[in-house]
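Working through the structure, step by step
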Amino acid sequence: MTRRDLTHAPLVEAALGRTPRRTPVWFMRQAGRSLPEYRAVREGIDMLDSCFIPELLAEITVQPVRRHDMDGAILFSDIVVPLKAAGVDVDIVPGRGPVMGSPVRSRGDVDKLPVLEDAVPEVAAGIEAVLGELNDSQALIGFVGAPFTLASYLIEGGPSKNHEKTKAMMHAEPDTWHALMRRLVPTIMSFLKTQVDAGIDAMQLFDSWAGFLTEADYREHVLPYSAEILASVEGVIPRIHFGVATGELLGAMSEAGSEVMGVDWRVPLDTAATRFASPRVLQGNLDPALLLAGSDVIRAEVIRIKDEAARAIASGTATGHIFNLGHGVLPTTDPDAITEAVRIIHEEA
Ligand code: 1CP
């Protein structure tokens, strides 16, 4: 594979700290349930199965770019896909999320956890099909879940409100915790390698639930492992790092090494930038709920967010801005409101 030349794609330019011709935008969860064309092609097909059908995953990945003039496509997959590919008994239950056949609670469970060693050819073929559909202004963003967020699903056995079993293991059995991290890192890196080898143009590390941790816990139990994953693609593709409610962790998370830091909607972008270990590109941070509030509200919020990013760049604490939501598109969002938001983001200076 020869990597595509995306030197002039706004998203890649912004991620590398250059000034793009327009503000690049993509939305987390832009593929998926807000789109009728997604619901149509997914009809009768299990969520995890759909992540292993190359033509289907490619079609779903491209749908939002086609419809909304996004500057980036996010690979249609899920953070548990590498676990499934490794042979872990995991299912995605509609309306709930990833559920494990048998949770990981002891050192014995950790030692039995399968590790992904091989490439995932279905995902590689899907990426190749996506790249055939995108032009050279449209970046394909690959992603992996970070080891903390994946560990939470494995230990809790499914989606969790408080992550209490996860935190209990971290503190009561730190050796088991670190062994689990050590076992997850190669699986995540190998799934990332499949995507990089197949030609993704950028990547995002989703540590969705890291915001539940204290900074001390994050530094000791999570940061070294996330840093190792990001380091594995340093200089190869631009890297984005994101978690929800991570305002208090932005400094520590920025030490993991990504060029771009995702910020959720709770922290103004110019405030967020002052917390980074060194200047980074900002990504964010429109509250996804406000896509339901009408275009006057969206326009006012877009102007506010772009002003905050511009102030951070002018003061030297940030080196660029990729527009995004502060977390994923809500399934009840009207797709026309998304198209309109993207138009406003591109048109407001
Ligand atoms: O049947 C369906 O449509 C199920 C809904 C769904 C979808 C569309 C799930 C189940 N996963 C996905 C795809 C997905 N997952 C994408 C690609 C689509 C896109 O972004 O456009 C991505 C990037 C993810 C990543 C993902 N999965 C994360 C990290 C992002 C985030 O939202 O913080 C997490 C935490 C998951 C777990 C997961 N998978 C699915 C659900 C409902 C959940 C969350 C469950 C929970 O609340 O714990």
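The structure under discussion appears in the preceding block.
These notes cover the structure that comes with them. Since we're looking at a predicted model, the values are computed, not measured.

Now for the pattern of salt bridges. All told, the structure shown has 22 salt bridges when counted by the stated rule. Aspartate 109 is paired through a salt bridge with lysine 112; the nearest N and O atoms lie 4.0 Å apart. Of this pair, aspartate 109 and lysine 112 are both found in helix 6 (residues 107-112), three residues apart, which corresponds to roughly one turn of the helix. For aspartate 109, a relative accessible area of 22% corresponds to the partly exposed category.

Before going further, it helps to examine the site of the ligand. Taken together, 24 residues are adjacent to the ligand, and Tyr38, Asp78, Tyr153, Ser208 and His327 come closest. Glutamine 30 places a polar main-chain atom, nitrogen or oxygen, 3.0 Å from an oxygen atom of the ligand. Contact distances for the ligand include 2.7 Å between a nitrogen atom and a side-chain N or O atom of aspartate 78. Notes on the ligand: free accessible area 880 Å², of which the protein chains cover 89%. Of all the cavities here, the one that holds the ligand is the largest pocket. Those elements that provide at least two residues to the shell around the ligand are helix 2 (36-42) and strand 3 (97-100). Among the residues forming the shell around the ligand, the class breakdown is 14 nonpolar, five polar and five charged.

Definitions and limits used
Residues numbered from 1 in each chain as written. Predicted model: local features only at pLDDT ≥ 70, side-chain atom pairs only at ≥ 80, totals over all residues. Heavy atoms only, no water. Salt bridge = Lys/Arg side-chain N within 4 Å of Asp/Glu carboxyl O. Helix = DSSP H or I, 4+ residues; strand = E, 2+ residues; numbered from the N terminus. Buried < 20%, exposed > 50% of the residue type's maximum accessible area, 1.4 Å probe, protein only. Near = heavy atom within 4 Å. Polar contact = N/O pair within 3.5 Å; in protein donor to acceptor, adjacent residues only side chain to side chain. Areas by Shrake-Rupley, 256 points an atom, 1.4 Å probe, with all protein chains shown as cover. 1 Å grid on protein atoms, 1.4 Å probe; cavity = no way out; pocket = protein on both sides within 12 Å on 5 of 7 lines; lining within 4 Å. Sits in = over half its atoms within 2 Å of the grid points. Nonpolar A, V, L, I, M, F, W, Y, C, P; charged D, E, K, R; others polar.

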